[in-house]
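Observations on the three-dimensional arrangement
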Amino acid sequence: MHMFRAFARASGTVAVLLSGTALVQAADVSFLTHWAPDTVAKLEAAAATYTASHPDTKITVRAVPFGDLLTTLRTSGGGADGATIAGIYDAWLPDLAKDGLVAALPEAAAADAATAWPAGVLGAASIGGTVYGFPNEINVYALNYNKRLFAEAGIADAPKTWDEFLAAAEKLTDKSKGQQGFGLINSWAAGVLHPFSSLLVSNGGDLVVDGKPVLDSKQATETFELYEKLIKNGYSDPAMATADANTTGPFLDSFVSGKTGMIIMANWWESALKAGMGDAFADIATAPIPVGPSGTEARSISYSWMTVVNAKASADEQAAAFDFLSWLNGPESGPNGASAMAEILVSMGILPSRTSDVAAYADQLASDPFLTGYTSTLANAKGFPVVLGGQEFSESLQKTLEAVQFGQLSAADAQATAQADAVEILERNAK
């Protein structure tokens, strides 16, 4: 967002002098994430570098699937014996903070964060002006398309408007070859919702404004109708849409094998595409989200991640965890003025969010042709709403959009259902 992280623990009882010069008891520091094994190994290597100068601090990492991350955090991470550190999706923050599961950044760390990250990124890691963690990655969406299939269909350029998008989807659809023009996603909340949201904001719309859902807008009507057209015209096949947060399943397989002409996906999945396609990855290009009839410019939804510390952990464990995270996300931990966290993120094709990290990797990010479609619209991206009940809202809208995919709801009925459900969920959770 995008995706893999882990959880861990160790042991230690010796005193350790932290960088803040305060002597505290060394504490076991466990790190809960959903990253893949190769990325976990990079995090473990960074932790080993840190412990070389902090020998009494033990840091252990263990991964869980993305689909289990929030549940694991709530069940095992909500007590004193839970994970000390966790990587979370910012949309989860309001509910976790309300339940007292995450600790606020110490004053010095919060002051540093205020100068190190853009205000919008830091705002997504804050509630009521209190910063609850260290922002790390930021993800946006772009149109991914197969240049070889475009050439075979006689399409010269990536579509810039919805009319061009539908025309391209029609030309790319070939049922005799089992080929669909555009790939939707089902069975994974963020995978369903974020492409829809990106089309919505590129049509001048929003999901939520001032804490209230606005899925009854004209822009939303047009976006639901676009989905209905894709399905009714046969440009998207729901049987080819199943995916999970690791993008395993027919959605990835169909795009990798050249059976899907276009998709809308986040920048983080570059590594999965490269691994699946090998030399054929050269056929893939990216472009900004096509602009809808009520839109004025290409836009994408954006979302970010952050690392937080367990509010139930002991004071010593929290101090050790915050010191490690300050180092991990700071400019001294990685190469050429970048943080070790940024080095890990960039290895996955993920955009770092700390200002100094963006500067450190500017040339590399600019030279990556796959990322061009993302970085070109990053400045215009709209953050996914960070509200109480955000996960429940996402899962509800996911089910409604899947009902459209499978022909169970018309666009009009889906829109009415989505708005009514969203109003009920957000109002209930705001109390």
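In the block above lies the structure referred to throughout.
An account of the accompanying structure is given in this report. (Residues numbered from 1 in each chain as written. Predicted model: local features only at pLDDT ≥ 70, side-chain atom pairs only at ≥ 80, totals over all residues. Heavy atoms only, no water.)

Section: the overall build of the chain
For the chain, the helix and strand inventory stands at 18 helices and 17 strands. Compactness check: the chain gives a C-alpha radius of gyration of 22 Å against a globular reference of 22 Å for 431 residues, within 12% of the reference. Structurally, the chain occupies a C-alpha span of about 70 × 50 × 35 Å along its principal axes. Counting all 431 residues of the chain, 58% fall into the buried class. Summing over all exposed atoms, the chain offers an accessible surface of approximately 16,400 Å²; the carbon and sulfur share of this is 53%. Taken together, the 26 basic and 46 acidic charged side chains of the chain have centroids lying 4 Å from each other. (Helix = DSSP H or I, 4+ residues; strand = E, 2+ residues; numbered from the N terminus. Rg over C-alpha atoms; globule rule 2.2 N^0.38 Å. Buried < 20%, exposed > 50% of the residue type's maximum accessible area, 1.4 Å probe, protein only. Areas by Shrake-Rupley, 256 points an atom, 1.4 Å probe, with all protein chains shown as cover. Lys, Arg positive; Asp, Glu negative; His and termini not counted. Charge placed at Lys NZ, Arg CZ, Asp CG, Glu CD.)

Let's talk about the packing of helix H17 (residues 390-405) against helix H18 (residues 411-430)
Running from N to C, H17 and H18 point in directions that differ by 170 degrees, and their axes come no closer than 9 Å. If you check the angle between H17 and H18, you find them roughly antiparallel. For the pair formed by H17 and H18, the contact residues are Glu392, Phe393, Ser396, Leu397, Thr400 and Val404 on the first element and Ala414, Thr417, Ala418, Asp421, Ala422, Ile425, Leu426, Arg428 and Asn429 on the second. Here the residues of the contact of H17 with H18 are counted per class, giving 8 nonpolar, 4 polar and 3 charged. (Axes fitted to C-alpha atoms, helices over the stretch in contact; angles between N-to-C directions. Parallel < 35°, antiparallel > 145°, perpendicular 65-115°, else oblique. Contact = heavy atoms within 4.5 Å. Nonpolar A, V, L, I, M, F, W, Y, C, P; charged D, E, K, R; others polar.)

Thoughts on helix H2 (residues 66-75)
Residues of H2 that are buried include every one of Phe66, Leu69, Leu70, Thr72 and Leu73, and no others. In an axial view of H2, the angular spread of the buried residues amounts to 165 degrees, which keeps them on one side of the axis. Exposed side chains of H2 directed beyond 90 degrees from the buried face belong to Gly67 and Thr75. Check the buried side of H2 and you find it contacts strand E4 (28-33), strand E5 (58-64), strand E6 (85-89), helix H3 (93-98), strand E15 (301-309) and H17. (Arc of directions from axis to C-beta.)

Points about the pattern of salt bridges
Per the stated rule, a full pass over the model turns up 9 salt bridges. One salt bridge in this structure joins arginine 148 and aspartate 283, with 3.9 Å as the shortest N-O distance. With arginine 148 in helix H6 (residues 147-152) and aspartate 283 in the loop between helix H11 (270-277) and strand E14 (284-287), this residue pair connects regions lying 135 residues apart in the sequence. Exposure remark for arginine 148: the relative accessible area of 36% places this residue in the partly exposed category. The salt bridge involving lysine 382 is made with aspartate 206; its shortest N-O contact spans 2.7 Å. In this pair, lysine 382 is assigned in strand E17 (residues 382-383) and aspartate 206 in the loop between helix H8 (189-201) and strand E11 (208-209), connecting sequence segments 176 residues apart. Residue aspartate 206 is classed as partly exposed on the basis of its relative accessible area, which comes to 22%. One salt-bridge network, in which partners are shared between bridges, spans Arg148, Glu152 and Asp283. (Salt bridge = Lys/Arg side-chain N within 4 Å of Asp/Glu carboxyl O.)

Section: the packing of aromatic side chains
Tallied over the full model, the rule gives 21 aromatic pairs. Of the aromatic side chains, those joined through ring pairs into one cluster are Phe66, Tyr89, Trp92, Tyr141, Tyr303, Trp305 and Phe384. Here arginine 354 stacks its cationic end above the ring of tryptophan 117, 5.1 Å away from the centre of that ring. (Phe/Tyr/Trp six-rings, centres within 6.5 Å; stacked < 30°, edge-to-face > 60°. Lys NZ or Arg CZ within 6 Å of the ring centre and 35° of its normal.)

So, the environment of threonine 49
Within the secondary structure, threonine 49 sits in helix H1 (residues 37-53). On the accessibility criterion, threonine 49 (49% relative accessible area) is partly exposed. Remark: the alpha-carbon pair of threonine 49 and serine 333, spanning 284 residues in sequence, is separated by 8.6 Å.

Re the packing of helix H9 (residues 218-232) against H18
A pair of packed helices can be characterised by two numbers: the angle between their axes and the separation between those axes. Where H9 contacts H18, the two axes come as close as 9 Å, and the packing angle between them is 130 degrees. For the element pair H9 / H18, the angle class is oblique. The two elements H9 and H18 cross, and the hand of that crossing is right-handed. Where H9 approaches H18, its residues Ala220, Thr221, Phe224, Glu225 and Glu228 are matched on the opposing element by Ala411, Ala414, Gln415 and Ala418. Looking at the contact of H9 with H18, its residues break down into 5 nonpolar, 2 polar and 2 charged. (Left-handed = near helix turned anticlockwise from the far one by under 90°.)

Description of helix H12 (residues 315-328)
Taking 1.5 Å per residue, 14 residues should reach 20 Å; H12 reaches 20 Å between its end C-alpha atoms and fits that length. Within the span of H12, buried status applies to Glu317, Gln318, Ala320, Ala321, Phe322, Asp323, Phe324, Leu325 and Leu328. (Expected span 1.5 Å × (residues − 1).)

Description of the pairing of E15
Sheet faces and side chains relate simply in a regular strand, where the side chains alternate between the two faces. Where burial is concerned, most of E15 is hidden: 9 out of the 9 residues are buried. Where burial is concerned, the two faces of E15 agree: the one with Ile301, Tyr303, Trp305, Thr307 and Val309 and the one with Ser302, Ser304, Met306 and Val308 are both buried. Inspection of the sheet shows E6 paired to E15 by 5 bridges, in the antiparallel sense. The residue bridging isoleucine 85 from the neighbouring strand is valine 309, located in E15. Note: E15 against E17, 2 bridges, orientation parallel. Paired with isoleucine 301 across the two strands is lysine 382, which belongs to E17. (Pairing = 2+ DSSP bridges.)

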